[in-house]
Every structure is written in C-alpha cells, then in structure tokens.
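Observations on the three-dimensional arrangement
If you want the building blocks of each chain, they are given just below.
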Amino acid sequence: SILNAIFIALFSPLVAVLSLHTLFLASSRGLRPATPRPGTERSTRKVVTIAIPIMNAPLELVVCLVVYLDTILRESDPDLDVRMLVVSDDDEDYVSRLQQAIQSLGIKAPVRVVRRGGPGGRVAALNYALKLVEGDFLVILDVDARPARDFLFRLSRCIESADACVSHWVGYWTRPTRIARALALSTDLVATALYRGRQRLGLLIFPLGSGTLFRVSSLRAIGGWEDGVLQDDAIVCLKLHGRGLRVLYDDDAILRVLVPSSYRA
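A brief structural summary. No experiment lies behind these values; they were computed from the predicted model shown.

The subject of this paragraph is the state of the cysteines. Simply put, the disulfide is a covalent bond whose two ends are the sulfur atoms of two cysteines. Enumeration according to the criterion identifies 1 disulfide in this entry. Between the sulfur atoms of C158 and its disulfide mate C165 the distance is 2.3 Å. On the sign convention where negative means left-handed, the S-S torsion of about -90° between C158 and C165 marks this disulfide as left-handed. Take C158 and C165: they sit in the same class, and that class is buried.

Listed below in structure tokens is the structure:
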C-alpha cells in the first residue's frame, strides 16, 4: 500500500545506517580506556553537584528521585562528595511543600531546593544551577532519570581525562507495552552505535541533556548554555569542541531513562 511504501522510504536510510554501525560494533573489541590528559593527576576528593531542573513535576516524583539518589550515594565511592541541587520554576507554595517533604525524610546527602522564577525555561534553570554549583563537577539529571549505583564512580574516573563525560542511556518503562519495549531497545541500540562507534572512530561526541558530567570550569569558560535554542545540548557540544575541550563517553556508566508506554505519551 501507499502507507507501507512511505514508511519504508522514510525508515530505510535509518535502518541502513544503524545496520552498518551494528556490523562495525560486532567486529570491535571494545573501547580502549581514555588516557589522562598530560599534567592531570588523580584527585583524592571530587565534589560533584547533581542539578535537577523541574517545572510542573509531580511532587512525589521529585521526592522519589531524591530518595533514590540518597540510597545509591550511601554506597558510593568515599572519594566523592555529592550534593543535590533542585532548581524549581514553580510557585512558592510548591517549593515550600517540596522543601518540607525532603526535610522530613532524613536524607543523608546534602539537598538544596531553590526557586528560580523568571523566563527562560530549562536553559535558564541550567545556567542558574551553574551559578550556584558547589565543587568542580556538575551533572544534570531529569526528574525521571535513574542512574546505576556506580554511575558517578565511572563518570568521575572518565572525566579525569576530559572536560565532559557522557553516560550510556538504557530505557525503562512504567508499563511493559510493545511500544515501551521497542523504544527501550532502540534507545540502547542508538546510544551504543552513535556513542561507542563515534568514540572509537575519534569523531565528535555530543553531551546528553541528562546524564553528562561536566567540569564546572569548562562550562563557565564557554559561557554555559545558550538561551533561545531548542537543542541546548547540541549547542553546548559545539561550544566545547570549538574551544578544543574534550568530550568522552563511558559505555559502562548506565543511566536509565523513562520511555513512553503509549502513542499518546
């Protein structure tokens, strides 16, 4: 039928490209570990801030992420000093209720909830977090992200030889529908092909909007994120590479990201 022909015409190039990537990866022996930058010594203590930008997020979803992060941080590398920074663009009542909810949990890791307000959306919230960040490293997480237990440990080792390190996305779902399973599979396949393959070939690596660990000094050197753009992560990538700064990818730093379970979602 005409619809089938249109579908094949649109998706054939994508299938061909991914197939070539898959063949390339199947014959590879894995990534070689990155070598530290000259003059870079392994630090004994790294202060990492996890920034979580939110707006209109269900309060229980934010609390759930904070509790989850606190749980995995209790078993994290003792050389990591991790803080959480929640940047909210919601009203004062929401921020107050969120602060009270987090305080009542007895969270071990330091958690700071701030209300930004004003225009700019997500990009403005990220730049606001960059101004408030404590320590030398910053990682952005979406509210539905779920990092693996060794996520920060692996990225903190990777960034010893880079200015930003990208994690590997793996999809998870709230309902195990066929759509959810297909999107989770494609998320893993594309992340593997585009990031592992590009790194092996020495090509440009794009930081992801969620799950990338940055050197704060490098982000500030390029002026942070750009206002008024849609693909803020792509622009940050070009600014980093334009300054000769290094972006790497760690195949074993796993970040679980929520995929839709329906066409409506």
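Read on, since the account is not over.
Next up on the list: the nonpolar core. If you look at the biggest cluster of nonpolar residues, it comprises 41 residues, and the most contacted ones within it are I50, I54, L98 and L152. Mapped onto this core, the elements with two or more residues apiece are strand 1 (46-54), helix 2 (59-73), strand 2 (80-88), helix 3 (92-103), strand 4 (137-140), helix 5 (151-158) and strand 8 (247-258). What L98 contacts, discounting residues up to four positions off in sequence, is I54, L59, V62, V63, V86 and V113. If you look at the next biggest cluster of nonpolar residues, it comprises 26 residues, including V114, V133, L138 and F214.

Another point: the sheet that holds strand 5 (residues 146-147). Each strand in a sheet pairs with its neighbour through backbone hydrogen bonds, running either in the same direction (parallel) or in the opposite one (antiparallel). Strand order in the open sheet formed by 8 strands is 3-2-1-4-7-6-8-5, with mixed pairing between adjacent strands. Unpaired on one side and paired on the other, strand 3 (111-115) and strand 5 mark the two borders of the sheet. Bridge count for strand 1 against strand 4 is 4 bridges, and the pairing is parallel. Residue pairing across strands places V48 opposite F137, the latter belonging to strand 4. Together, strand 1, strand 2, strand 3 and strand 4 form the strand contacts of helix 4 (residues 121-132), whose direction differs from that of strand 2 by roughly 140°.

Next up on the list: the packing of helix 2 against helix 3. Two elements in contact, helix 2 and helix 3, have axes separated by 10 Å at closest approach and are oriented at 35°. In terms of crossing hand, the pair formed by helix 2 and helix 3 is right-handed. For the pair helix 2 and helix 3, contact is made by L59, V62, V63 and V66 and by Y94, R97, L98, A101 and I102, respectively. Along the lines of polarity and charge, the residues of the contact of helix 2 with helix 3 split into 8 nonpolar, no polar and 1 charged.

Here we take up the environment of D250. Relative to the helices and strands, D250 resides in strand 8. Between the C-alpha atom of D250 and that of H168, which follows or precedes it by 82 residues, the distance is 6.8 Å. Residue contacts for D250: discarding those within four places in its chain leaves R154, L155, C158, V166, S167 and H168. Separated by 3.3 Å, the side chain of D250 and the backbone nitrogen of A253 make a polar contact.

Where nonpolar side chains cluster on the molecular surface, the patch consists of I2, L3, I6, F7, I8, L10, F11, L14 and V15 and spans about 970 Å² of accessible area. Looking at the secondary structure, you find F7 in helix 1 (residues 2-26).

To continue, consider the packing of aromatic side chains. Going through the model one piece at a time under the given rule, you end up with 2 aromatic pairs. Residues Y195 and Y249 carry aromatic rings whose centres are separated by 5.5 Å and whose planes lie at 35° to one another, so their mutual orientation is tilted. Here Y249 lies in strand 8 and Y195 lies in helix 6 (residues 178-200), a separation of 54 residues in the sequence. Looking at Y249, the relative accessible area reads 3%, which means it is buried. A cation over an aromatic ring shows up here: R146 above the ring of Y68, its NZ or CZ 5.7 Å from the ring centre. When the ring centre of Y172 is taken as origin, the NZ or CZ atom of R256, which lies over that ring, is 4.5 Å away.

On to empty space enclosed by the protein, then. For the structure shown, the criterion picks out 2 cavities of 30 Å³ or more. In this structure, the largest cavity occupies an estimated 90 Å³ of space. Secondary structure elements with two or more residues in the lining of the largest cavity: helix 2 and helix 5. Across the lining of the largest cavity, the residue classes break down as 12 nonpolar, 1 polar and 2 charged.

Conventions adopted
- Residues numbered from 1 in each chain as written.
- Predicted model: local features only at pLDDT ≥ 70, side-chain atom pairs only at ≥ 80, totals over all residues.
- Heavy atoms only, no water.
- Disulfide = S-S within 2.5 Å.
- Buried < 20%, exposed > 50% of the residue type's maximum accessible area, 1.4 Å probe, protein only.
- Core = buried A, V, L, I, M, F, W, Y, C linked by side-chain atoms within 4.5 Å.
- Helix = DSSP H or I, 4+ residues; strand = E, 2+ residues; numbered from the N terminus.
- Contact = heavy atoms within 4.5 Å.
- Pairing = 2+ DSSP bridges.
- Axes fitted to C-alpha atoms, helices over the stretch in contact; angles between N-to-C directions.
- Left-handed = near helix turned anticlockwise from the far one by under 90°.
- Nonpolar A, V, L, I, M, F, W, Y, C, P; charged D, E, K, R; others polar.
- Polar contact = N/O pair within 3.5 Å; in protein donor to acceptor, adjacent residues only side chain to side chain.
- Patch = residues over 30% accessible without salt bridge, like charges linked within 9 Å, V, L, I, M, F, W, Y side chains within 5 Å.
- Areas by Shrake-Rupley, 256 points an atom, 1.4 Å probe, with all protein chains shown as cover.
- Salt bridge = Lys/Arg side-chain N within 4 Å of Asp/Glu carboxyl O.
- Phe/Tyr/Trp six-rings, centres within 6.5 Å; stacked < 30°, edge-to-face > 60°.
- Lys NZ or Arg CZ within 6 Å of the ring centre and 35° of its normal.
- 1 Å grid on protein atoms, 1.4 Å probe; cavity = no way out; pocket = protein on both sides within 12 Å on 5 of 7 lines; lining within 4 Å.
- Points joined across faces, edges and corners; volume = space filled by probe spheres on them.

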